[in-house]
Amino acid sequence: MTTRYDVAVIGLGAMGSAALSFLAARGVRVIGFEAASPAHGLGSSHGDSRLIRLGYFEDPSYVPLLHRAYENWRSLETRLRERILHVTGVLQIGKPDSKIITGTRASCNMHNLSCDELSADQMRKRFPVFGLEDDEIALLDPQGGWLKPEAAIWGYLRMAAADGAALHMGSKVDQIDPDDNGVNIVAGEHTYRASKVIVATGSWISQLIPALQNIANPIRQVVAWYRPANGFATDPVRMPAFLRDEGENGSFFGFPEIGPDGVKIGRHAHFMESINPDAPNPAVNDADRALLDTFAAKSLPGMDGRRVNETTCRYTMLPGEDFLLDHLPGENRVIVASPCSGHGFKFTSVIGEILADQATKGGTDLPVDAFTFDRLIKAAEHAKATKTEELVLPR
Ligand SMILES: Cc1cc2nc3c(=O)[nH]c(=O)nc-3n(C[C@H](O)[C@H](O)[C@H](O)COP(=O)(O)OP(=O)(O)OC[C@H]3O[C@@H](n4cnc5c(N)ncnc54)[C@H](O)[C@@H]3O)c2cc1C
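Before going into details, it helps to say that this report is about the structure given with it. No experiment lies behind these values; they were computed from the predicted model shown.

Looking at the site of the ligand
Link 1 in the chain: Not every one of the 34 residues close to the ligand is listed here, only the nearest: Glu34, Ser45, Leu51, Cys313 and Lys346.
Link 2 in the chain: Within the contact set of the ligand, an oxygen atom lies 2.9 Å away from a backbone nitrogen or oxygen of Pro339.
Link 3 in the chain: Contact between the ligand and Gly344: a nitrogen atom at 3.4 Å from a main-chain N or O atom of the residue.
Link 4 in the chain: Here the ligand has 1,000 Å² of accessible area as a free molecule, and 96% of this is covered by the chains.
Link 5 in the chain: Counting residues per element, the ones that place at least two in the shell around the ligand are helix 1 (14-25), strand 2 (30-34), strand 3 (50-52), strand 13 (217-227) and strand 17 (306-317).
Link 6 in the chain: Of the residues belonging to the shell around the ligand, the class tally is 16 nonpolar, 13 polar and five charged.
Link 7 in the chain: In terms of domain composition, the shell around the ligand takes at least three residues from each of domain 1 (4-46 + 150-215 + 320-386) and domain 2 (88-145 + 217-317).

Structure (structure tokens):
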């Protein structure tokens with residue numbers, strides 16, 4: 001006899017592993033499918049570190065979700081008895097009228113968050129690794145820091161298994177067929193049955209959710225690690241993680257020396273190069289290296305670093321860069337978990353809770369009004385009409 005599950009979670013990367021764990025902890029009969037292995041190198045959730053920060057420059061409306069995400073990360077750590085979230089501060093650097101500076105300030109003011117302003121001179125004295133122009137400033141978010149993505153995913157999977165979830169690793173779902181009473185889930189030669197499914201397949205999302213074809217855009221992302229000549233200046237107790245607004249040259253992110261390869265840096269959305277999610281990511285090339293080496297030399301002169309490692313990863317961009325956490329229109333048995341446009345990892349711990357609420361209660365009390373299909377379609381239409389790459393829907 002086929003076991004019938006209450007919920008099936010497809011894709012056990014960041015979002016799926018968290019959802020599986022929240023569901024299992026509630027005693028829900030849940031099964032998870034992962035085509036590859038946890039935090040594998042072709043997804044979006046490997047590479048040692050992800051930024052977390054509270055004064056969210058993207059939009060102040062994310063701050064309540066971030067408060068909950070911090071709480072949930074701490075609960076995960078308590079249960080795992082392992083550190084996942086490291087609070088070392090995050091510096092946001094740019095010209096006073098840049099998006100990162102004005103946006104961070106707006107979030108901090110609206111939500112009464114600490115946000116210390118440092119002039120270029122003060123930065124030189126306090127954090128000598130960074131090179132600032134005289135007309136740049138930095139805002140220090142003392143609650144910011146970094147997360148360990150691989151440990152978080154493994155942790156959520158271990159907890160889900162301990163709470164009774166069925167985990168099918170190396171099992172790719174080929175098809176989902178909802179009907180009046182549930183959903184058939186076809187994986188190879190096997191068919192499973194669940195009352196609801198959560199699709200959290202990252203850069204492969206439009207394969208099971210065709211409504212997202214031409215909307216969800218998987219792009220190539222590149223990061224590199226630099227071994228500093230001066231390890232003193234890049235130690236995590238002396239160098240916060242950072243974001244840097246370079247105006248028309250985009251925004252860059254980076255981490256102190258938290259692993260053997262040293263300081264990691266990347267540019268948000270890199271060259272916005274679309275990729276085929278089924279093909280291996282195109283290898284790191286000279287243009288990628290030139291971009292990151294130039295940034296390292298100019299912006300982190302105190303590091304005097306030598307590139308020792310590099311890798312590719314994927315973002316999956318949605319118009320407007322907001323999330324999508326909603327039932328598929330006209331289909332209340334299918335919930336879609338967005339791959340989050342390159343800024344979702346920090347929210348994993350609250351997105352897992354939201355998805356579990358949506359699957360068990362049909363909705364959530366957490367603030368998700370901005371993350372609907374309806375809104376996404378409007379953002380896509382706006383982007384098409386204005387032909388913007390930035391794809392920002394006015395709020
Ligand atoms: C280089 C880089 C830096 C980033 N930096 C930050 C940061 O500093 N802060 C931040 O908050 N966010 C950051 N992000 C974004 C964040 O990491 C992603 O939003 C998040 O990891 C996406 O998780 P996901 O679960 O959607 O995708 P994934 O973790 O890729 O998981 C999707 C999973 O679904 C599986 N799958 C696909 N199809 C199927 C199928 N048919 N059947 C079964 N399984 C399937 C895949 O194998 C995969 O494991 C960064 C991303 C990258 C790439």
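Quick word on empty space enclosed by the protein
Link 1 in the chain: Considering all chains together, one arrives at one cavity of 30 Å³ or more under this definition.
Link 2 in the chain: As a volume, the largest cavity reaches approximately 40 Å³.
Link 3 in the chain: Around the largest cavity, the lining residues are Gly47, Asp48, Ser49, Trp225, Ile258, Gly259, Gly262 and Lys264.
Link 4 in the chain: Among the residues forming the lining of the largest cavity, the class breakdown is two nonpolar, four polar and two charged.

A word on the sheet that holds strand 8 (residues 145-147)
As a general point, the strands of a sheet are linked pairwise by backbone hydrogen bonds and lie either parallel or antiparallel.
Link 1 in the chain: Across the sheet, three strands lie side by side as 3-8-4; this open sheet has antiparallel pairing. Across the chains shown, the open sheet's two edge strands, defined by having one partner strand only, are strand 3 and strand 4 (85-87). For this sheet the average axis-to-axis angle between neighbouring strands, irrespective of direction, equals 30°.
Link 2 in the chain: With three bridges joining them, strand 4 and strand 8 adopt antiparallel strand pairing. Within the sheet, the bridge partner assigned to Val87 lies in strand 8 and is Gly145.

Comments concerning the packing of aromatic side chains
How two aromatic rings sit relative to each other is given by the distance of their centres and the angle of their planes.
Link 1 in the chain: A full pass over the atoms with the stated rule returns 15 aromatic pairs.
Link 2 in the chain: Arranged with centres 5.3 Å apart and planes meeting at 75°, the rings of Tyr62 and Phe323 form a pair that is edge-to-face. With Tyr62 in the loop between strand 3 and helix 2 (63-80) and Phe323 in the loop between strand 17 and strand 18 (325-328), this residue pair connects regions lying 261 residues apart in the sequence. Per residue, the accessibility class of Tyr62 equals that of Phe323, and both read buried.
Link 3 in the chain: Aromatic pair Tyr62 and Phe371: ring centres 5.6 Å apart, planes at 40°, arrangement tilted. Taken together, the positions of Tyr62 in the loop between strand 3 and helix 2 and Phe371 in the loop between helix 9 (348-361) and helix 10 (373-386) put the pair 309 residues apart, joining distant regions of the chain.
Link 4 in the chain: Owing to a relative accessible area of 1%, Tyr62 belongs among the buried residues under this scheme.

A closer look at the nonpolar core
Link 1 in the chain: Counting 58 residues, the largest nonpolar core has Leu23, Val30, Trp73, Ile198 and Phe347 as its most contacted members.
Link 2 in the chain: Put simply, the parts of the chain that give this core at least two residues each are strand 1 (4-10), helix 1, helix 2, helix 5 (149-162), strand 19 (331-337) and helix 9.
Link 3 in the chain: Once residues within four sequence positions are removed from consideration, Phe347 is found in contact with Tyr56, Tyr62, Leu65, Leu66, Ala69 and Phe323.
Link 4 in the chain: Residues Ala8, Ile31, Leu212 and Leu318 belong to the second largest nonpolar core, which totals 28 residues.

Thoughts on the environment of Gly94
Link 1 in the chain: On the secondary structure map, Gly94 appears in strand 5 (residues 90-94).
Link 2 in the chain: Each residue touching Gly94, except ones within four places of it in the same chain, is listed here: Ile101, Glu136, Ile137 and Asp245.

About the cut-offs
- Residues numbered from 1 in each chain as written.
- Predicted model: local features only at pLDDT ≥ 70, side-chain atom pairs only at ≥ 80, totals over all residues.
- Heavy atoms only, no water.
- Near = heavy atom within 4 Å.
- Polar contact = N/O pair within 3.5 Å; in protein donor to acceptor, adjacent residues only side chain to side chain.
- Areas by Shrake-Rupley, 256 points an atom, 1.4 Å probe, with all protein chains shown as cover.
- Helix = DSSP H or I, 4+ residues; strand = E, 2+ residues; numbered from the N terminus.
- Nonpolar A, V, L, I, M, F, W, Y, C, P; charged D, E, K, R; others polar.
- Domains from an automatic or database assignment.
- 1 Å grid on protein atoms, 1.4 Å probe; cavity = no way out; pocket = protein on both sides within 12 Å on 5 of 7 lines; lining within 4 Å.
- Points joined across faces, edges and corners; volume = space filled by probe spheres on them.
- Pairing = 2+ DSSP bridges.
- Axes fitted to C-alpha atoms, helices over the stretch in contact; angles between N-to-C directions.
- Phe/Tyr/Trp six-rings, centres within 6.5 Å; stacked < 30°, edge-to-face > 60°.
- Buried < 20%, exposed > 50% of the residue type's maximum accessible area, 1.4 Å probe, protein only.
- Core = buried A, V, L, I, M, F, W, Y, C linked by side-chain atoms within 4.5 Å.
- Contact = heavy atoms within 4.5 Å.

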